[in-house]
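Fold and contact review
Listed below are the residues making up each chain.
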Amino acid sequence: MKRSNKIILSVLFNALLASTTLADGHIPAGVTLADDQTFTYRVLDEHSSVDPQVVEDVTGAEVVRDLFEGLMNQDADGNLVPGVATGYEVNENNTVYTFTLRDNAKWSNGDQVTANDFVFGWQRAADPELASPYQWFVELMSIENAGAVIKGEKPTDALGVRAVDDLTFEVTLSAPLPYFPQMTTHSTTFPAPGSIIEKYGNEWTKPENIVSNGAYILTEHLPDERSVRERNPMYWDNKNTTIDKVIALVINDENVALTRFLAGELDRTEVPAGQFPRLKKEHPDTAISFPRLCNYYYTFNLSDSGPEAFKDVRVRKALALAVDRKIITENVMAGGQPEAYTFTPAAVAGFTPPDTDMAKMSQADRDAMARELLAEAGYGADKPLSFDMMYNTSEAHKKVAVALSQMWKQKLGVKVNLANMEWKVFLETRGNQDFQLARGAWCGDYNEASTFLDLLDSESGYNDGKFNSPELDGLLEKAKASANASELYTQVEEIIAAEMPVIPVYHYAGVYMMDSDVGNWPVNNVEQNWYSKNLYKVAQ
Amino acid sequence: MRDARDRFFRNKAAIVCMVILALIILFVLLGPQFAKWNNEEIDWAALGDIAVLGVPSIESGHYFGTDPLGRDIYSRTIQATGTSLMVGLIGTAMAMIVGTLWGVLAGYFGGRLDSILMRIVDILLAIPLTLVVILILVVAGRSFVTLFIALGAVSWLTMSRIVRAQTLALKNREFIEAARAGGVSEVMIIFRHILPNLMGVVIVYASLLVPEMIFAESLISFLGLGISEPYTSLGALISEGAGTMAYGTLWQLAFPLFFYIAIVITMFFIGDGLRDALDPKDR
Amino acid sequence: MLSYTIRRLLIAIPTILILVVACFFLMHAAPGGPFTSERPLPPEVLANIEARYGLDQPLWKQLWDYLSNIVLHFDFGPSFVFKDRDVNDIISQGFPISLTYGFLSFLVATIVGVTLGVVAAIRHNTWIDYIAVSLGIAAQALPNFIMGPILILTFTLWLGWLPGGGWNGGQWQYLVMPVIALSTSYMGSISRITRSSMLEVLNSNFIRTARAKGLPERKIIWRHAMKPTLLPVISYLGPVFVYVLTGSVFVDIYFSTGGLGKSYVNSALTRDYAVLLGVTILYGTLTVVVNLITDLAYAWFDPKIRY
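The model shown is predicted, which means the values in this text are computed figures rather than measured ones. (Residues numbered from 1 in each chain as written. Chains lettered and ligands numbered in written order. Predicted model: local features only at pLDDT ≥ 70, side-chain atom pairs only at ≥ 80, totals over all residues.)

In this section: the overall build of chain C. Helix and strand counts for chain C stand at 12 helices and zero strands. Listing each helix as α and each strand as β along chain C from the N terminus yields α-α-α-α-α-α-α-α-α-α-α-α. For chain C, the C-alpha atoms occupy an extent of roughly 85 × 55 × 30 Å along the three principal directions. Counting over 307 residues, chain C shows a buried share of 52%. Sequence-distant contacts in chain C: of pairs separated by 6 or more residues, those separated by 24 or more amount to 71%. (Helix = DSSP H or I, 4+ residues; strand = E, 2+ residues; numbered from the N terminus. Buried ≥ 20, exposed ≤ 12 C-beta atoms within 10 Å, placed from the backbone. Contact = placed C-beta atoms within 7 Å.)

Next up, the structure:
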């Protein structure tokens, strides 16, 4: 317990420190700013909502982080920095957090942002009547009575949040949660303007009605085409904001988006799979790649409906060993993705990957070992292993699936039947254990290993492969309250490496074409929580 | 009938296209004999730098180059052309049979039957194809047969409307009325007089359907019904190639597109020749 | 004629009702619902969501509520995916866009296609015919997912003449590429059908009779040949008209036009029930109306057709 207190205090200290440096502005000396401070970026699809408590997609969350500001923000490295709150204190048993709000935070209509706006927002997020899909996040935060409020057993004001006074917001947790402060950067926890929501109902997020407390206000929204947000003059730190206007253009096709980027219509777009090396050569300043907090794996069906062969750990290991991850990351995806030998990405804060044999071996040794294991398990030329492998329809997933199946075929003589499926059918099929080997991927909800490892907990609703290891469950349970979770997570990964319930393939990278005049893009923020107010554009 | 054959063989363009179509089929059948790589094998060496090592070359054995995964486009195009030709022809044949019967029945007998049949067409035209395909996938599972059911389910609707309109126009013509007055049975009138006079329009529309079917297949396969990796089709190869056309690997689009265009052209002129040949000129 | 029209309009109501009911049950039979996601929701959260959208009710009740909301309030329900918008919003935003570029594409495809077809048939087997036929084949051979990238590469990247996508209230710069991409393949098909239909008509007895009477060729074509030529073209144009009006998903994807085509296809993929039903009703109504109009047009093109 003592130790986690220390961590939190140091976070607080860092936060205060960062705030003083930020006050001087985020633009390095000697930089000449461009006259036109408009940042235009491509989004894959229309956002689901800009209502902070309702939004559920990454694209929408990016917009919401600009429009609204929560208690804490993240800096370019993902560390906590003050948002509306200038800091917080926590009681001795780590269950009551008290946030102090700044007195100059304002809504875009000039009203003061008060603790009551947070109380309203948090209660709203848990309210069964709003029925936000992100109610699970409120449960995850372990706020007192969250479960009962969500189930409708208690009124929303029973939720463990309270406005002590206008500038003091207090949260009571049902159990200590080491990463709770990190969670206050998530859009679900942002304040909401009660009077406006009451006045306009469902229409409150329309550009003509919306009132927000972030650095930007929504000024235009043409669904499936564009959304525009412009500087909010009421924002408390408006004088340190540089970008005047942010435009998100919806472009579904990544190749078209790249063409439009090259034509100068965009400042940022994603690089299509396989194109990074060429683009890096042609545009060295523009093509960038950095690790992200997402994994990519194939999961064995270990339930009763799964094939007999996969119940043999030697078969699972053989298949995992024969995957040449270097080819996948360097030649197929080719976007600087890290090779994956663990389920948790190495980029996760405070996570030390275990020293597994597999990671250290050469690919030739791995292949040899794979052949041996498979032969031991009784599969060979006279009795070839054969199974079905499914993935959801997508150009990149197809490439990976084909490459894997060919590696297994050529090295191990395994016959693989590939099947692609439309997304919802895929999810339903995988969720019903109606598969043999299926693609999976997961992006962290917060920057801590449990967000990944919980997937393999036998109780988890996300554990589609139905891997069941009491030892692993026990370690994860222990980690929740432990001061030394990091070591436990390493042990969990050792179990995964030994049992191989999943085949980690690679960890995602953010692979972008980013106009070289865009300054301060937070490449070190593995969650990619970026704020337009921290960016700037250089004159060229 | 002999007349028709003579007329068809006098149409030079149609004959040339018949020969081209035969060559394409021959290529599909014999092409694999000359391939150095099969349609699913990945050339791991080429995978490192497709734009350089994946170019079409006799030396590397990739006569048509490789796809973005280092697989041989020559072999893949052969397999895709065979698949797509079959999909196009069988799908179109189904549309011809169902659509023509449906349209003739509605148009010729008219009244309540017409109303029921055509309202069914209206409904089917408006039902979202995606849903229908997903349900076929769920109920019947993935196979070549279900792919054809899905293709057939959508392709005959416009055909039936065209046929019905022509039948409406035909049934009031003097020669039909004369036949009816002469005591010829309705079934006989349909087979002797209506259907032959419809052939022109049906064949022309069918020749348009072949390319449409080829692309409908790639949509259906996208949803998970039909052809799955490592097998492919012209529709899939072309849309893949179209995406990467600006990346210096134009051959990935060019070769499949060449075969597709060849099929479109042959269908055009063979359709034309057949229409000319079968035109009864007795109206 | 009038009574036929009235009868058809009356039948339209049960037709669309059947369409809605069929689509409703197909939709619920498809695996996965609007809230199936990679991250399965806890049961209590799912229960709240289902209660909010009435999905916890028995299916017949859901259908009944849906239909009565339409009849009583003209309310097509909320979108399950785009939480800030309802179906009325989505259709009223997307349909005018689809209508604009769709109608223009339809006009271009029809006018150019029919002209090419007629000219080719009149000058059968001359170089004019060959050029027209080649143009038709070329148009048909370039499906819109090749046209899309080619147009953007050419006009946006290399020439820099046109914006690469967007709508901007439908200014002409934003319309050019969608209209070209959408109209070409239809243009090819229309010219093809027109040409062979015209050839057939020009070979028929009544045209030969007219020629024998010594009527000038121009008059024969305009007065006598044109109407029967267009009969099969009209049947083809009906469904095409509906299809381009509700928007092509390819155009919306490649040119970010924000039309209804993408909403339609996406709503089926995301199981956004209300959006899918709403757009299907619009689509169905258009189909019924357009097919009625084409049926009436038949009678005008061929006075012998009577209902």
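When helices and strands are counted, chain A shows 18 helices and 18 strands. Relative to a compact globule of 540 residues, whose C-alpha radius of gyration would be 24 Å, chain A shows 24 Å and is just as compact. Each principal axis of the C-alpha distribution contributes one length, and for chain A these read about 80 × 55 × 40 Å. Burial statistics for chain A: of 540 residues in total, 55% are counted as buried. When contacts within chain A are restricted to residue pairs at least 6 apart in sequence, long-range pairs at least 24 apart make up 69% of them. (Rg over C-alpha atoms; globule rule 2.2 N^0.38 Å.)

Attention now goes to the interface of chain A and chain B. Each partner contributes residues to the interface: chain A has 21 residues there, and chain B has 20 residues. In terms of residue count, the dominant contributor to the side of chain A that touches chain B is helix α14 (residues 395-412) of chain A (six residues). A per-class count over the side of chain A that touches chain B returns nine nonpolar, eight polar and four charged. (Nonpolar A, V, L, I, M, F, W, Y, C, P; charged D, E, K, R; others polar.)

Okay, the interface of chain C and chain B next. Between chain C and chain B, the residue contacts involve 48 residues of the former and 44 residues of the latter. Breaking the side of chain C that touches chain B down by element, the ones donating at least two residues are α1 (2-29), α5 (127-141), α6 (144-158), α7 (172-202), α9 (217-245), α11 (260-270) and α12 (273-301) of chain C. Take the side of chain C that touches chain B: its biggest share by element is nine residues, from α1(C). Looking at the side of chain C that touches chain B residue by residue, the classes come out as 30 nonpolar, 14 polar and four charged.

Looking at chain A as a whole, the pLDDT averages 88, with 95% of positions reaching at least 70. Of the regions scoring below 50 in pLDDT, residues 1-24 of chain A engages in 24 contacts with residues more than four places distant in sequence or in other chains. (pLDDT = per-residue confidence, 0-100.)

Residues and elements named next belong to chain B. The terminal C-alpha atoms of helix α5 (residues 73-109) lie 52 Å apart, and with 37 residues this matches the ideal 54 Å at 1.5 Å per residue to within 8%. Burial runs high along α5: 26 of the 37 residues are buried. After α5 finishes, the residue Gly110 shows a positive phi value of roughly 60°. (Expected span 1.5 Å × (residues − 1).)

The next subject is the nonpolar core. Core analysis: the biggest nonpolar cluster contains 330 residues, and A:Ala403, A:Val505 and B:Tyr205 have the highest contact counts within it. For this core, the domains that each give at least three residues are domain 1 (5-247 + 515-537) and domain 2 (291-510) of chain A. Excluding anything up to four places from it in sequence, A:Ala403 contacts A:Ile327, A:Ile328, A:Val332, B:Ile42 and B:Leu69. Of all hydrophobic cores here, the second largest spans five residues; its members include B:Phe64, B:Ile73, B:Tyr74 and B:Phe255. (Core = buried A, V, L, I, M, F, W, Y, C linked by C-beta atoms within 7 Å. Domains from an automatic or database assignment.)

This next bit is on the sheet that holds strand β6 (residues 161-165) of chain A. Residue and element names in this part refer to chain A. Ordered in space as β4-β5-β7-β6, the four strands form an open sheet in which the pairing is antiparallel. Both outer strands of the open sheet, β4 (85-90) and β6, are each paired with one neighbouring strand and no more. Strand-to-strand twist in this sheet, taken as the mean axis angle between neighbours without regard to direction, amounts to 25°. Of the pairings in the sheet, the one linking β6 to strand β7 (residues 168-172) comprises four bridges and is antiparallel in character. Its bridge partner being in β7, Val161 is matched across the sheet by Val171. (Pairing = 2+ DSSP bridges. Axes fitted to C-alpha atoms, helices over the stretch in contact; angles between N-to-C directions.)

Taking 1.5 Å of rise per residue, the 15 residues of α6(C) would be expected to cover 21 Å, and the 20 Å separating its terminal C-alpha atoms lies within 8% of that figure. Along α6(C), the positions that sit buried rather than exposed are C:Asn144, C:Phe145, C:Ile146, C:Met147, C:Gly148, C:Pro149, C:Leu151, C:Ile152 and C:Thr156. Looking at the packing, one finds that the buried side of α6(C) touches α8 (254-262) of chain A, α11 (234-243) of chain B together with α7 and α10 (249-255) of chain C. Positioned one or two residues after α6(C), C:Gly160 has a phi angle of 65°, which is positive.

Bringing unusual backbone geometry into the picture now. Geometrically, the link from B:Glu229 to B:Pro230 is a cis peptide bond, its omega value of 5° lying close to zero. In this structure, A:Gln528 is a non-glycine residue whose phi angle is positive, near 55°. Tracing the backbone through its elements, the reader meets A:Gln528 in the loop between β17 (518-519) and β18 (536-537). Using a count of 20 C-beta atoms within 10 Å as the deciding quantity, one classes A:Gln528 as buried.

All right, on to the domain arrangement of chain A then. Residues and elements named next belong to chain A. Domain annotation for chain A reports domain 1 (5-247 + 515-537) and domain 2 (291-510). Taken over C-alpha atoms, the centre of domain 1 sits 34 Å from the centre of domain 2. Every contact between the two is made by nine residues of domain 1 and, on the other side, 11 residues of domain 2. Grouping the constituent residues of the side of domain 1 that touches domain 2 by class yields five nonpolar, three polar and one charged.

A few words now on the packing of α5(B) against helix α10 (residues 186-222) of chain B. Residues and elements named next belong to chain B. Viewed as axis vectors pointing N to C, α5 and α10 meet at an angle of 140°, and their least axial separation amounts to 7 Å. Taken together, the axes of α5 and α10 are oblique relative to one another. For the pair α5 and α10, the sense of crossing is right-handed. For the pair α5 and α10, the contacting residues are Ser84, Val87, Gly88, Leu89, Gly91, Thr92, Ala95, Met96, Thr100, Val104 and Tyr108 in the first and Ile190, Ile194, Leu195, Leu198, Val202, Ala206, Leu209, Val210, Met213, Ile214 and Glu217 in the second. Taken together, the residues of the contact of α5 with α10 sort by class into 16 nonpolar, five polar and one charged. (Parallel < 35°, antiparallel > 145°, perpendicular 65-115°, else oblique. Left-handed = near helix turned anticlockwise from the far one by under 90°.)

Residues and elements named next belong to chain A. Residue placement: Lys478 occurs in helix α17 (residues 470-481). Exposure remark for Lys478: the 13 C-beta atoms within 10 Å place this residue in the partly exposed category. Between the C-alpha atoms of Lys478 and Leu488, which are 10 residues apart in sequence, the distance is 8.0 Å.

Attention now goes to the environment of A:Ile217. Residues and elements named next belong to chain A. With respect to the helices and strands, Ile217 occurs in strand β8 (residues 216-222). Overall, Ile217 belongs to the buried group, with 23 C-beta atoms counted inside 10 Å. Taking the C-alpha atoms as reference points, Ile217 and Lys245, 28 residues apart in sequence, are found 9.6 Å from one another. Discounting residues that sit within four places of it in the chain, Ile217 has contacts with Leu67, Ser108, Ile210, Ser212, Arg229, Glu230 and Asn232.

Successive residues of a regular strand alternate their side chains across the two faces of the sheet. Taken together, the seven bridges between strand β13 (residues 386-392) of chain A and strand β14 (residues 415-421) of chain A define a ladder with parallel strand orientation. When the bridges of β14(A) are listed, A:Met389 appears paired with A:Leu418.

Turning to the environment of B:Asp276, a few remarks are in order. One can find B:Asp276 in helix α12 (residues 251-278). Sequence-distant contacts of B:Asp276, that is, excluding residues within four places in its chain, are made with B:Arg7 and B:Asn11.

The next point concerns the confidence of the model for chain C. Residues and elements named next belong to chain C. Summarising the model, chain C shows a mean pLDDT of 87, and 99% of its residues fall at 70 or more. For chain C, per-element mean pLDDT is lowest for helix α8 (residues 205-212), which scores 82, and highest for helix α4 (residues 87-122), which scores 92. Scored as a complex, the prediction yields pTM 0.88 and ipTM 0.88.

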